[in-house]
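Below, each chain spelled out in residue letters.
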Amino acid sequence: MVPLSLTFLILIAIFLYTGYYIREQGMHHAINHRYQGVSTLFQELEKQRIDLMTAVLQYAGQQEDLHKAMLQGDRERLLRIAQPFFSQLKTQHGVTHFYFHGIDSRTFLRLHQPERFGDVVERKTFVTAQQTKNPSAGFELGPLGTYTLRAVVPWYSTSNQLLGYLELGQELDQVLANLKRVTGTEFLIMVDKAYLQRDAWEEGMRMLKREPDWGQFTSQVLINRTTNSFPPSERYLFPSKGNDPHHYNFSDNGKYFQVKAFPLLDAKQRAIGNFVMMVDITEERNRFIMFMLRIGLFTLVLCGALFGFAYRTLGRMDRTLVQVRQDLVGEVEKAEQLNSRLMIEVAERKRAEEDLKSLNQTLERRILDRTRKLESLNSELEGQRRELERAYEDLKVNQSTILHQDKMASIGQLAAGVAHDINNPIGFVTNNLGELEQYLKDISQFIGFQAEMIEKLRPDDKVLELVAAKRKELHIDEAVDDLDDIIQESLEGTRRVQGIVQNLRKFSRIDEDEYELVDIHECLDSTVTISSNELRYKADVIRHYGNLPKIYCYPGQLNQVFMNLLINAAHAMDDYGQIEIATWQQSGSVFIRFVDTGSGISEEVQGRIFEPFFTTKDVGTGTGLGLSIAYDIIQKHAGDIWVDSEPGQGTSFTIRLPARERLEP
């Protein structure tokens, strides 16, 4: 019983470890995906802020009052004219810096610090704008340790004379607040001490009403954060080497966070510090612990039942063997007594010879009977051993079924949530674009009406020329034409996104048990769309659809079969290839075939590909359940699946499903 008990314990331990490993891998991929989303959103916010500040600077550069004040070198007048404009920018858009620079690279006026002027500007954004005579923008680290988004544009007078340069700046706080609000992620911004001077940095932190702590970390300082929670160790805040930095987990005040750090870049593309993400995983961790407890309890109960059955069966066999042994010992004792008697009665041997022969024959018959009983017991033991093997195979099937159901439920819940979250903002965008299209029509009609009224009023030629010149300078006609194209392209984009959301919702039914009438082609298209991220860099998907009737099935489960076959086909290709999907109807059945140009499957492996937990992938990259689950799903639909393949010639999987009236599942 000890080996059997150890076997059960090892299986339970392996199962629990596998669940933990799969969770860790999922969390690892999730935080990498979140970082990609945060990075993309950060770049979009940066671009929007840059476009806004550049447009504001270009507008300010057209004000003739500012031109005159700059040409006259009147700093007080320049401050008086620009200060209300700066206050409005600071209140409405969070702009914290406004500079007027001379053509000699010296700061003529700081609206946010009017008492400071005359210093030479050597920042990358300013130097780039000075050299190219074009707008320049980007994040830069200031002398006070502030990580600021700056935009610089050359400033020309109406006579095309270079007056100097205008610059706007905005601290990172508002961008981080928007990122946190949209993504639900906390952030820490760390900067290397090598790029800072302690006194200046501490002064800048106090100016921003933050408590400076230069000695908090060995080589970096904290300049900004969106949360009061903090990792317990400094190693959590530095990215690991390599293409895939490691992530850490820690707890603080009953909450659990996942932490991952990435390099922080400035306008010169220097890694000046670290950009640290902190994701609250408290609810996810609690759900996982409850799931593992339920699965562990179920496995223990199942193993206990099997252990009790084995203990009872083997105990009965042991008692039978003990009884047989006692019978044999009794027979041996009788034989010994008989031999003793024969030795005493040697003198009477002749007389008892016939009796002795008869007794020997009786003993032989008894031995034969005992031999037959032992053979019968051995056969019974062999049958019980086969029952244990069948029970073990059933356990493996149950484990694969549990993993499949959990995976399907997680995918369905995730897909439905993503579809719901995307659908709401896309609805807002679509409605706003519709309103914007109507506004554009109204503006176009007003411009036409305005032109007709000006023509009817017949002002002098100079006024008409000024109006025409301003209209041409501002590209009003081109802007109106382009806006209509932009709105139509945006509406087309939202329609595509809504199509993707619709496919995602269809695919999210993967864990539903409803047996319904379904179009197989819609299932295939939905699955190809959902899998496009895996397929687009590996193969072209070519579809040859025949004329198929709708059939009764579990659509979510068939979607999982199609996805497993598509992903396996993509993984089988070392170079860019082709995946062909063909459908047809024949003899009351629907056929679906997936053909790829991958590396193929050997004849030895083909015989095992539908076995649970069998995989040809490297350790840690596959569970061996994909094709096994696909096989079970097709069997559940009363269908068939088979494979044709040769090494180096690609692989073909063919599925047959019944195409008749409602099939009882």
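Before reading on, note that the structure itself is shown above.
Residues numbered from 1 in each chain as written. Predicted model: local features only at pLDDT ≥ 70, side-chain atom pairs only at ≥ 80, totals over all residues. Heavy atoms only, no water.

Digging into the overall build of the protein
Working step 1: The secondary structure content of the protein amounts to 15 helices and 17 strands.
Working step 2: By residue count, 37% of the 665 residues in the protein fall in the buried class.
Working step 3: In the protein, the share of contacts with a sequence separation of at least 24, taken over all contacts with a separation of at least 6, comes to 66%.
Working step 4: Surface exposure of the protein reaches about 39200 Å², of which carbon and sulfur atoms provide 52%. (Helix = DSSP H or I, 4+ residues; strand = E, 2+ residues; numbered from the N terminus. Buried < 20%, exposed > 50% of the residue type's maximum accessible area, 1.4 Å probe, protein only. Contact = heavy atoms within 4.5 Å. Areas by Shrake-Rupley, 256 points an atom, 1.4 Å probe, with all protein chains shown as cover.)

Some thoughts on the sheet that holds strand E17 (residues 651–658)
Working step 1: Taking strand neighbours across the sheet as the criterion, the five strands line up as E12-E14-E15-E17-E16 in an open arrangement whose pairing is mixed. With partners counted over all chains shown, the strands left at the sheet margins are strand E12 (539–544) and strand E16 (640–645), one partner each. Looking at each pair of strands side by side, their axes are set apart by 15 degrees on average, direction ignored.
Working step 2: One ladder, built from eight bridges, connects strand E15 (residues 589–596) with E17; its direction is antiparallel. Pairing of Ser589 across the sheet is with Pro658, part of E17.
Working step 3: Each of E12, strand E14 (577–586) and E15 touches helix H11 (residues 520–530); the most contacted strand, E14, lies at about 165 degrees to it.
Working step 4: Strands E14, E15 and E17 of the sheet are contacted by helix H13 (residues 555–571), whose axis makes an angle of about 170 degrees with E17. (Pairing = 2+ DSSP bridges. Axes fitted to C-alpha atoms, helices over the stretch in contact; angles between N-to-C directions.)

A look at the pairing of E14
Working step 1: Relative to E14, E12 is paired through six bridges, and the arrangement is parallel. Its bridge partner lying in E14, Asp540 is registered against Gln578.
Working step 2: Where E14 lies against E15, eight bridges are found, and the strand directions are antiparallel. From the neighbouring strand, Gln586 faces E15, where its bridge partner is Ser589.

Regarding the pairing of E17
The two faces of a sheet get side chains in turn, since along a regular strand they alternate between them.
Working step 1: In terms of burial, E17 is a largely internal element, eight of the eight residues being buried.
Working step 2: As paired elements, E16 and E17 share six bridges and run antiparallel to each other. The partner of Val643 across the bridge, within E17, is Phe653.
Working step 3: Linking E16 back to E17 in an antiparallel pair, the connection comprises five residues, with Gly648 at a positive phi of about 80 degrees.

A closer look at the packing of aromatic side chains
How two aromatic rings sit relative to each other is set out by the distance from centre to centre and by the angle between their planes.
Working step 1: Under the criterion given, the structure shown has eleven aromatic pairs.
Working step 2: When the centroid spacing of 6.2 Å and the interplanar angle of 50 degrees are considered together, the rings of Tyr59 and Phe85 count as tilted. One end of the pair, Tyr59, is in helix H1 (residues 2–60); the other, Phe85, is in helix H3 (residues 75–93), and 26 residues separate them in sequence.
Working step 3: Ring centres of Phe187 and Phe275 lie 5.3 Å apart, and the angle between their planes is 40 degrees; on these two criteria the pair is classed as tilted. Remark: Phe275 occurs in strand E10 (residues 271–280) and Phe187 occurs in strand E6 (residues 186–192); sequence separation between them is 88 residues. Neither residue differs from the other here; Phe187 and Phe275 are each classed as buried.
Working step 4: Among the aromatic side chains, those forming a connected cluster through ring pairs are Tyr59, Phe85, Phe86, Phe98, Phe100 and Trp155.
Working step 5: The ring of Phe108 has Arg75 lying over it, and the distance from NZ or CZ to the ring centre is 4.4 Å.
Working step 6: Just above the ring of Phe117 sits the side chain of Arg75; from NZ or CZ to the centre is 3.8 Å. (Phe/Tyr/Trp six-rings, centres within 6.5 Å; stacked < 30°, edge-to-face > 60°. Lys NZ or Arg CZ within 6 Å of the ring centre and 35° of its normal.)

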